[in-house]
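So you can see what is in the structure, the chains are spelled out below.
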Amino acid sequence: MRYSQAFLPTIKEVPKDAVDASHVLLLRGGYIRMVGAGIYEMLPLGQRVLKRVQAIIRREMDAANAQEVLMPAILPATYFQETGRYDLYGPVLLRLKDRKGGEYHLGPTHEEIITDMVRREVKSYRQLPLNLYQIQMKYRDEARPRAGLMRCREFMMKDAYSFDVSEEKAFESYATMREAYHRIFKSLGLDYRIVEADSGQIGGKTSAEFQVLAQSGEDRIVACTKCDYAANVEVAEARIDTTKADFGKTPERLLVKTPKTKSIEQVVAFFAKDDAPKSADGAFGTNRILKTLAYLVPSKDPKKERAADAVATPDEIALVVVRGDHEVNEILVARALGVDEVHLASENDVKAVLGVGPGFVGPVAPKVALRTLVDHAAAAVADGVCGANQWDHHFAHVAYGRDFEGEVMHLRLVGAGDECPKCGGGLEAYRGIEGGHIFVLGTHYSSKMKATFLDETGESKPFVMGCYGIGVTRLMASAIEQHHDADGIRWPMSIAPYQATVLSLGNEPEIVEAAEKLYEALKAKGVDVLLDDRHERPGVKLKDADLVGIPLRIAIGKRGLAEGKAEVKLRSDADVTMIAMDEVVEAIATKVVALGGKLL
RNA sequence: CGGGGCGUAGCGCAGUUUGGUAGCGCGCACGGUUCGGGACCGUGAGGUCGAAGGUUCAAAUCCUUUCGCCCCGACCA
């Protein structure tokens, strides 16, 4: 391609609304443009990258015996109604009506459609296993689209679905996909971690996320420095402190007047005063405070709508006790209580049930008996402080097992500094971008949709399913988050829009001719190359080349040409190499292959 | 959905407080001088000031409504 003929509008200034590197650089480099919030168009360069990412995904999916299909993006409501997700998805679903008033929506994911496809056509265990995938635009009316291609309302996804005869076989399919995903993420040149994760609304139990490490990532993950343990903080665990409270040493429980002492900091400051009660080993630090939070537990009956002005009743409130220096993991709380989600109870709800406001709530002798969940670490505190369930009062010298009871479990957010639950090694915290997510679904969808086959004994059984997603457009942006500098993008060779770019630095006929000749020779060799033949000053071409981020740059200028040489530079490297003109083509072709590219 | 911010030329912005004929930089077109890290000079094109309604002799500016976009949070197969 010749730059002079290319639709490649680069921008010198940083677009006002872009913050994250990938967003800024995709706009500035002429890759994408916004049409609406979370809706983007791909310019020629963007489309080239996208096609390269797709090609890698197709190659590995095909190699893993998955077969490509294409499902519609416009879906009749009946499919999602069949599994209840038409309501479950709520406003995220982009709904529409046809001329007859029939209800439709745009597909946010396709479990129901593929399950229907398979139940209609597959009747026997002899036709299994089956793995079908597609690459297609998905539609989710996100509450808050952000950061360019990172979180869009329309985005490209590769979604695959496996169908097996048994749970055991389903896990084999899952393992095959996991290996394929490893190959894909490596081919894309991404630094990533595979982590344990929450399955969310999709159903099923076993799942893993492929998290691309990036400071701008929305997800928080922890990974062990010694073993392969890694998890999203949503579900991360840590080695449990098994030190038991030694009641022999814990003094008698003491009611202390603590006026206006609500926050953890205030409590610690209060007990740090000279005249305040002390624990046997000194002050009551943050890690000795038993932080007690009241959660509103929604009714398990979905038909029972809670009125906006309703006041909580005792059976709707659960107490969660964690150490003052720990944070509650609400996903774990919800899971323990068997509900989809929990929210902190409002001040009014807390007062209504406990007769006291947040800040003075504690697990010891509440006004009414409440379900109480205690984090392991909090249960191990031998001599702690907690709210006394009376205004302006706390208890000192309290311990789980002696002063209060509850269900002990893992309830807190794990972070850097915690110990690995597998090996005891140190955990490190990272930010990640969820680039892929794989699930064993079991029979969650097949049962609801009566998608069954006959096994070898003639018995009718639901398919055991798995599903496997990759955010294609998101990965394109993720690659930039990981590969850029102050001047622009540094594409990995495997997904770069062009493998090499030839710059003619100067408008002298011999320079233009040499660049043209090299361009044609590289093309003939099978190198995907962009020739910057614009009548621009060298500075403009060099700046644009850095911004666009093509991995290999060959500059033809007066200086080098005098010696019969071209200047070759890697975008990811500061050094330049002078190579004789008649050796450049071979050198570039070799470099392209060495960096993981393929000649045409 | 809660909080905050912003809509003025293709892009980035000033002008709004205190109403009085809409401006700057980049980009674009033409001419000239330049030519190895986003050149310079000159000339020129380009705007219903997001939209609607209101106040006023007069509205980018004041009032009301509305639409859109961004950031933080909540949410997120």
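What you see is a predicted model, and the numbers here were worked out from it, not measured in a lab.

K.L.:
Mind showing me how you'd approach the overall build of chain A here?
P.N.:
Along the backbone of chain A there are 16 helices and 31 strands. Taken over the C-alpha atoms alone, chain A extends approximately 95 × 70 × 45 Å along its principal axes. Within chain A, the proportion of its 600 residues that are buried is 52%. A sequence separation of at least 24 residues applies to 70% of the contacts in chain A between residues at least 6 apart. Looking at chain A as shown, the accessible area adds up to about 27,600 Å², and 51% of this sits on carbon and sulfur atoms. Here chain A holds 78 positive side-chain charges and 86 negative ones, and the gap between their average locations is 2 Å.

K.L.:
When you look at the domain arrangement of chain A in this model, what are you seeing that I'm missing?
P.N.:
Frequently, the measure chosen for interface size is the accessible area that the parts lose on association. For chain A, the assigned domains are domain 1 (47–71 + 108–237 + 429–480), domain 2 (254–409) and domain 3 (498–594). Taking the mean C-alpha position of each, domain 2 and domain 3 sit 67 Å from one another.

K.L.:
Teacher, can you tell me more about the sheet that holds strand E4 (residues 74–76) here?
P.N.:
Two orientations exist for strands paired in a sheet by backbone hydrogen bonds: parallel and antiparallel. Read from one edge to the other, the open sheet built from 3 strands follows the order E4-E6-E5, with strand pairing classed as antiparallel. Whereas interior strands pair on both sides, the edge strands pair on one side only; in this sheet they are E4 and strand E5 (95–97). Each adjacent strand pair in this sheet contributes to an overall mean axis angle of 40°, direction not counted. Relative to strand E6 (residues 103–106), E4 runs antiparallel, the two being bridged by 3 bridges. Opposite Ile74, over in E6, you have Leu106 as the bridge partner.

K.L.:
What is the right way to look at helix H7 (residues 264–272) in this model?
P.N.:
Counting along an α-helix, one turn takes 3.6 residues, and residues three or four places apart therefore face a common direction. Those residues of H7 not exposed but buried are Ile264, Val267, Phe270 and Phe271. One side of H7 holds all its buried residues, which, seen down the axis, span an arc of 125°. Of the surrounding secondary structure, the elements contacted by the buried residues of H7 are strand E13 (254–257), strand E14 (290–296), strand E18 (384–387) and strand E19 (393–398).

K.L.:
What is the right way to look at the environment of Asp164 in this model?
P.N.:
Examined against the element boundaries, Asp164 turns out to sit in strand E8 (residues 154–164). Relative accessible area serves as the criterion here: at 3%, Asp164 is assigned to the buried category. Separated by 29 residues in the primary sequence, Asp164 and Ile135 have C-alpha atoms spaced 22 Å apart. Reaching out from Asp164, the side chain makes a polar contact with the side chain of Ser173 at a distance of 2.5 Å.

K.L.:
Looking at this structure, I do not really get the nonpolar core. What am I missing?
P.N.:
For soluble globular proteins, the rule of thumb is that nonpolar side chains tend to be buried together. Grouped together as the largest cluster of nonpolar side chains are 62 residues, with contacts concentrated most on Tyr31, Met61, Tyr181, Ile184, Phe185 and Trp491. For this core, the leading source of residues is helix H2 (residues 44–63), giving 7 residues. When residues are assigned to domains, this core turns out to be shared by domain 1 (47–71 + 108–237 + 429–480) and domain 3 (498–594), each giving three or more. Non-local contacts of Met61, meaning those with residues more than four positions away in its chain, are made with Ala66, Tyr133, Lys158, Ala160, Met177, Tyr181 and Ile184.

K.L.:
Whenever I open this one, the packing of H2 against helix H12 (residues 472–482) confuses me. Can you help?
P.N.:
When two helices pack together, their arrangement is given by the angle between their axes and by how far apart the axes lie. With their axes 10 Å apart at the nearest point, H2 and H12 run at an angle of 110° to one another. Relative to H12, the element H2 lies roughly perpendicular. Here H2 and H12 pass one another in a crossing that is right-handed. Here H2 contributes Gly46, Val49, Leu50, Val53, Gln54 and Ile57 to the contact with H12, which in turn contributes Val472, Thr473 and Met476.

K.L.:
What's the story with unusual backbone geometry in this structure? I'm lost.
P.N.:
Residue Pro129 is bonded to the preceding Leu128 through a cis peptide linkage, with omega at 5°. Mapped onto the fold, Pro129 is located in the loop between helix H5 (111–121) and strand E7 (130–139). One non-glycine residue, His397, adopts positive backbone phi at about 60°.

K.L.:
For this particular structure, what's the right way to read the side chain of Arg28?
P.N.:
Looking at the secondary structure, you find Arg28 in helix H1 (residues 21–28). Buried charge without a salt bridge: Arg28, with Asp544 as the nearest opposite-charge side chain at an N-O distance of 6.7 Å.

K.L.:
Help me understand the pattern of salt bridges in this model?
P.N.:
Considering all chains together, one arrives at 41 salt bridges under this definition. For Glu111, the salt bridge goes to Arg85, with nearest N and O atoms at 2.7 Å. Of this pair, Glu111 sits in helix H5 while Arg85 is found in helix H4 (residues 85–88), placing the two residues 26 residues apart along the sequence. The residues Glu111 and Arg85 share a single accessibility class, namely buried. The partner of Asp418 in a salt bridge is Arg412, and the shortest N-O contact between them spans 3.1 Å. Of the residues examined, Arg412 reaches a relative accessible area of 8% and is grouped as buried. Each member of the salt-bridge network shares a partner with another, and the members are Asp485, Arg490, Asp546, Arg553, Glu567 and Arg571.

K.L.:
Can you help me understand the packing of aromatic side chains in this one?
P.N.:
The relative placement of two aromatic rings is captured by the distance of their centres and the angle of their planes. According to the stated counting rule, one finds 12 aromatic pairs in the structure shown. Taking 5.3 Å as the distance between ring centres and 55° as the angle between the ring planes, the aromatic pair formed by Tyr181 and Phe210 counts as tilted. On the criterion of sequence distance, the pair formed by Tyr181 in helix H6 (residues 167–187) and Phe210 in strand E10 (residues 206–213) is long-range, its members being 29 residues apart. What makes Tyr181 buried here is its relative accessible area of 0%. Aromatic ring contacts, followed pair by pair, group Tyr181, Phe185, Tyr192 and Phe210 into a single cluster. Positioned above the aromatic ring of Tyr430 is the side chain of Arg193, whose terminal nitrogen or guanidinium carbon lies 5.3 Å from the ring centre. The residue whose ring lies beneath Arg253 is Phe395, and the NZ or CZ to ring-centre distance is 4.9 Å.

K.L.:
What's the story with the sheet that holds E14 in this structure? I'm lost.
P.N.:
Within the open sheet, the 5 strands sit side by side as E16-E14-E15-E17-E20. Their pairing is mixed. The sheet is open, and its two edges are formed by strand E16 (343–344) and strand E20 (407–409), each paired on a single side. Sheet topology note: the strand E15 (residues 317–323)/strand E17 (residues 371–375) ladder contains 4 bridges and is parallel. Paired with Val321 across the two strands is Val374, which belongs to E17. Each of E14, E15, E16, E17 and E20 is contacted by helix H8 (residues 330–337), which is oriented at about 135° to E17, the strand it contacts most.

K.L.:
Got a minute to help me understand the side chain of Asp403 in this structure?
P.N.:
With respect to the helices and strands, the residue Asp403 is situated in the loop between E19 and E20. A polar side-chain atom of Asp403 sits 2.7 Å from the main-chain amide nitrogen of Ala399. Within the structure, Asp403 has its side chain in polar contact with the side chain of Arg402 (distance 3.0 Å). If near-sequence neighbours (up to four positions away) are discounted, Asp403 is found in contact with Arg253, Val364, His397 and Val398.

Conventions and cut-offs
- Numbers given for residues are sequential positions, taken from 1 along each chain in its written order.
- Note on labels: chains are lettered from A, ligands numbered from 1, in written order.
- Predicted model: local features are reported for residues with pLDDT of at least 70 only, side-chain atom pairs are reported and counted for 80 or more only, and whole-chain, interface and lining totals are derived from all residues.
- Side-chain figures throughout are based on the complete set of non-hydrogen atoms in the structure, without hydrogens or water.
- Only runs of H or I of at least four residues qualify as helices and only runs of E of at least two qualify as strands under DSSP, and these elements are numbered from the N terminus.
- Each residue's exposure class comes from its accessible area (1.4 Å probe, protein chains only) as a fraction of the maximum for that residue type: buried when under 20%, exposed when over 50%, partly exposed otherwise.
- Should any heavy atoms of two residues lie within 4.5 Å, those residues are counted as being in contact.
- Note that accessible areas follow from Shrake-Rupley with a 1.4 Å probe, and for residues the cover is restricted to the protein chains shown.
- The convention is simple: Lys and Arg are positive, Asp and Glu are negative, and His and the chain ends are not counted.
- A single reference atom marks each charge: NZ on Lys, CZ on Arg, CG on Asp, CD on Glu.
- Segmentation of the chain into domains, including their bounds, is taken from an automatic or database domain assignment.
- When DSSP finds at least two bridges between two strands, those strands are taken to pair.
- Angular values range over 0 to 180 degrees, each being the angle between N-to-C directions of two axes fitted as lines to C-alpha atoms, with helices fitted over their stretch in contact.
- In this description, the arc belongs to the directions extending from the helix axis to the C-beta atoms.
- In protein, a polar contact requires one atom able to donate a hydrogen and another able to accept it; more generally it is a pair of N or O atoms within 3.5 Å, and residues adjacent in sequence count only if both atoms are side-chain atoms.
- Throughout, nonpolar core names a set of buried Ala, Val, Leu, Ile, Met, Phe, Trp, Tyr and Cys residues whose side chains join them through atoms within 4.5 Å.
- Any angle from 65 to 115 degrees is called roughly perpendicular, while one under 35 is roughly parallel, one over 145 is roughly antiparallel, and all others are oblique.
- Two helices cross in a left-handed way if the nearer one is turned anticlockwise from the farther one by less than a right angle. They cross in a right-handed way if the turn is clockwise.
- In the sections that follow, a salt bridge refers to a side-chain nitrogen of Lys or Arg positioned within 4 Å of a carboxyl oxygen of Asp or Glu.
- Aromatic contacts are taken between Phe, Tyr and Trp rings whose centres are within 6.5 Å, Trp giving its six-membered ring; a plane angle under 30 degrees counts as stacked, one over 60 as edge-to-face, and the others as tilted.
- Any Lys NZ or Arg CZ that is within 6 Å of a ring centre and within 35 degrees of that ring's normal is treated as a charge sitting over the ring.

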